[in-house]
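Letter by letter, the chains look like this.
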Amino acid sequence: MESVGIQWEKWLRGFHLFSQGKEIKDSDKLKALLLHSAGNEVQDIYYALQECDPGENETVFDAMCTLLTNHFSPIENVP
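Residues numbered from 1 in each chain as written. Predicted model: local features only at pLDDT ≥ 70, side-chain atom pairs only at ≥ 80, totals over all residues. Heavy atoms only, no water.

(A) Spotlight on the packing of helix α1 (residues 4-21) against helix α4 (residues 60-72). The contact between α1 and α4 brings their axes to 8 Å, and the two run at 155°. With respect to α4, the element α1 is oriented roughly antiparallel. Contact residues: α1 offers V4, G5, W8, L12, F15 and H16, while α4 offers F61, C65, L68, T69 and F72. Its residues placed into classes, the contact of α1 with α4 shows 8 nonpolar, 3 polar and no charged. (Axes fitted to C-alpha atoms, helices over the stretch in contact; angles between N-to-C directions. Helix = DSSP H or I, 4+ residues; strand = E, 2+ residues; numbered from the N terminus. Parallel < 35°, antiparallel > 145°, perpendicular 65-115°, else oblique. Contact = heavy atoms within 4.5 Å. Nonpolar A, V, L, I, M, F, W, Y, C, P; charged D, E, K, R; others polar.)

Shown next as structure tokens:
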């Protein structure tokens with residue numbers, strides 16, 4: 001069974017392909033579409049996390065993807 005992090009990365013890759021195919025470029029539209037497509041559970045997680053402001057060369061959509069990817073990625077225990 002794949003980890004949640006790997007499942008998320010695959011789902012996000014598919015979403016990027018879909019949005020590119022539909023030529024959706026507006027960051028706010030991408031954010032809304034991703035949250036809608038991902039479903040209620042991901043929406044609940046996203047709104048429970050502390051939303052961060054986008055960096056200098058980062059969009060709202062990119063910041064959201066980074067936030068969710070960090071949440072779903074496993075924490076590595078380095079002894």
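So much for the structure itself; the text now carries on.
(B) Region of interest: the packing of aromatic side chains. A complete count under the given rule lists 5 aromatic pairs for this structure. Taken together, a centroid distance of 5.1 Å and an interplanar angle of 40° make the contact between W8 and F72 tilted. Linking W8 in helix α1 with F72 in helix α4, this pair joins segments that are 64 residues apart in sequence. An aromatic cluster is present here, built from W8, W11, F15, F61 and F72 joined pairwise through their rings. (Phe/Tyr/Trp six-rings, centres within 6.5 Å; stacked < 30°, edge-to-face > 60°.)

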